[in-house]
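# Residue-level structural notes
If you want the building blocks of each chain, they are given just below.
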Amino acid sequence: MKTQITNRLVIGARGSKLSLWQANHIADLLRAAHPQLEVSIKTFVTKGDKFLDAPLAKIGGKGLFTKEIETAMLLGEVDLAVHSLKDMPAELPPGLMIAAVTKRHDPDDAFISNTYASLDCLPQGAKLGTSSLRRKAQILSKRTDLNIEDLRGNVDTRLRKLDNGEYDAIVLAVAGLKRLGLGGRITQVLPREICLPAVGQGALAIEARSDDATVQDLVACLEDNATRQAITAERAYLQVLEGGCQIPVGVFGQIVGGELKLQAVILSLDGTKKISDVIYGNCDDAAVLGRELADRMLAAGGSNLLAVLAKASEEE
Ligand SMILES: NCc1[nH]cc(CCC(=O)O)c1CC(=O)O
């Protein structure tokens, strides 16, 4: 039997401030758990970083923020990768796995404005920045009058565009803002009845090679069971729906009274059509619950909404 003594671990991450914060956070936790371990970080430029100005829905493709790092991992250039779970496609490349999921603290979206105290306070026709079809459709569903404009770039760039007066308000993930020490910029945490988060939002994924038991053992201490169950249900849900393009879908799993509760919403792009549903069940059946909820919502009109979407993206 080959025993490999690992004392060096190379983490792959993107070079953005948020990604580096996340990689350093995981590196610190690993150093604390394994004092002998030498942990370093190697940064990568992904396709998603290169096209920071183009509307996300137009660049398309799965694994926009992950692929280059995954290739390096499969080649053995890095041992693990730290990603925002939200940025990971439902299906991973063969040979890779999510070896650990950290505890999720802040799954929700934040409304940020320098002028208005909440989404409700925005005047008629106000300009709100977001490039996420999910955020756009859910916000339009509540406020049909708003003028939603594309907003891309890293968290800092997006806040700068708000501060320059290009928008009356913007929406960003609470988790990203807090990680960057920008929690003070949050004007309102959007309630889930208005805006359900993206799959995996707020959780970090440690990706490793499926055959690398050494790395899997080293990162096992980072795993949070409740978050794993929630995101397993969310990702199973997404896997049923995903057609390759960005879709206006929100989904959120949580453990409530020992049971898994999974809520989801599918919308039309303009938010005028909205299908909402919720399922409760055994935490150990997370993936089954996710698929069941997806099937139910597809049957309840979700299929039609997705078909219209697929047609719209073909025409572009
Ligand atoms: N879309 C990019 C992205 N990927 C992960 C986060 C935030 C952190 C997280 O959701 O875990 C963000 C920024 C945002 O959506 O505001």
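Before going into details, it helps to say that this report is about the structure given with it. Since we're looking at a predicted model, the values are computed, not measured.

By size, the foremost hydrophobic cluster in this structure holds 81 residues, and its most contacted members are Ile11, Leu80 and Tyr237. Ranked by residue count, the leading element in this core is helix H10 (residues 286-315), at eight residues. In contact with isoleucine 11, other than residues within four places in its own chain, are Ala23, Ile26, Ala27, Val39, Ile41, Val78, Leu80, Ala81 and Val82.

For strand S12 (residues 259-267), the tally of buried residues reaches seven of nine residues, placing the bulk of the element in the interior. Two strands pair when backbone bridges link them, and strand S11 (residues 249-256) and S12 are joined in this way by eight bridges, in the antiparallel orientation. Pairing of isoleucine 255 across the sheet is with leucine 260, part of S12. Joining the antiparallel neighbours S11 and S12 is a turn of two residues, in which glycine 257 adopts a positive phi near 55 degrees.

Let us now look at the pairing of strand S3 (residues 80-84). A regular strand places its side chains on the two faces of the sheet in alternate fashion. The buried count for S3 comes to five of five residues, which makes it a mostly enclosed element. Burial along S3 is two-sided: Leu80, Val82 and Ser84 and Ala81 and His83, pointing in opposite directions, are all buried. Taken together, the two bridges between strand S1 (residues 8-14) and S3 define a ladder with parallel strand orientation. Considered in S3, the bridge of glycine 12 is made with alanine 81. Pairing geometry for S3 and strand S10 (residues 204-209), over five bridges, is antiparallel. Residue pairing in the sheet places serine 84 in a bridge with leucine 204 of S10.

What counts, and where the lines are drawn
- Residues numbered from 1 in each chain as written.
- Predicted model: local features only at pLDDT ≥ 70, side-chain atom pairs only at ≥ 80, totals over all residues.
- Core = buried A, V, L, I, M, F, W, Y, C linked by C-beta atoms within 7 Å.
- Buried ≥ 20, exposed ≤ 12 C-beta atoms within 10 Å, placed from the backbone.
- Helix = DSSP H or I, 4+ residues; strand = E, 2+ residues; numbered from the N terminus.
- Contact = placed C-beta atoms within 7 Å.
- Pairing = 2+ DSSP bridges.

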